Amino acid sequence: METKKQELSIFQAMAKITSEVEAIGKNKINEQQRYKFRGIDDLYNTLHGLYGKYGITITSEPVNSLREERTTKNG
């Protein structure tokens, strides 16, 4: 007998991922300003398997664009 897999909404899938993933540490260091941070690659590497498990794909699409020119402290 064939069982139909129940499809999750994106909100249900993200809730499941959140419950399964551990905290992503701030393991990188910005040498100039001396602060720790987590990089986008850390996030993607941690979530990659879970996104596949729950059938989630991430894409980017600009919603809007803003461009500004600013003068730096060195001109």
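Scroll up for the structure.
Below: a short report on this structure. (Residues numbered from 1 in each chain as written. Predicted model: local features only at pLDDT ≥ 70, side-chain atom pairs only at ≥ 80, totals over all residues. Heavy atoms only, no water.)

**Details of the pattern of salt bridges**
Within the structure shown, the criterion is met by 4 salt bridges. Put simply, arginine 34 and glutamate 31 hold a salt bridge, and the shortest N to O gap is 2.7 Å. Glutamate 31 carries the same exposure label as arginine 34, and that label is exposed. Between arginine 70 and glutamate 68 there is a salt bridge, and its shortest N-O distance comes to 3.0 Å. (Salt bridge = Lys/Arg side-chain N within 4 Å of Asp/Glu carboxyl O. Buried < 20%, exposed > 50% of the residue type's maximum accessible area, 1.4 Å probe, protein only.)

**Here we look at helix α2 (residues 40–53)**
For α2, with 14 residues, the first-to-last C-alpha span of 20 Å sits near the 20 Å given by 1.5 Å per residue. Along α2, the sharpest kink reaches roughly 45°, centred on leucine 47. Every buried residue of α2 is listed here: Asp42, Leu47, Leu50 and Tyr51. Contact partners of the buried residues in α2: α1 (10–20) and β1 (28–30). (Helix = DSSP H or I, 4+ residues; strand = E, 2+ residues; numbered from the N terminus. Expected span 1.5 Å × (residues − 1). Bend = angle between axes of the 7 residues up to and from the residue. Contact = heavy atoms within 4.5 Å.)

**With respect to the environment of phenylalanine 37**
Tracing the chain through its elements places phenylalanine 37 in strand β2 (residues 35–37). Judged by its relative accessible area of 29%, phenylalanine 37 falls in the partly exposed class. Distance from phenylalanine 37 to lysine 26, taken between C-alpha atoms, is 4.5 Å for residues 11 residues apart in sequence. Sequence-distant contacts of phenylalanine 37, that is, excluding residues within four places in its chain, are made with Lys26, Asn27, Lys28, Ile29 and Asn30.

**Here we look at the nonpolar core**
Ala13, Ile17, Leu47, Leu50, Tyr51 and Ile56 form the largest nonpolar core, which has 6 residues in total. Secondary structure elements with two or more residues in this core: α1 and α2. Among the elements that take part in this core, α2 stands out by supplying 3 residues, more than any other. The residues touching isoleucine 17, leaving out its near neighbours within four places in the chain, are Leu47, Leu50, Tyr51, Tyr54 and Ile56. (Core = buried A, V, L, I, M, F, W, Y, C linked by side-chain atoms within 4.5 Å.)

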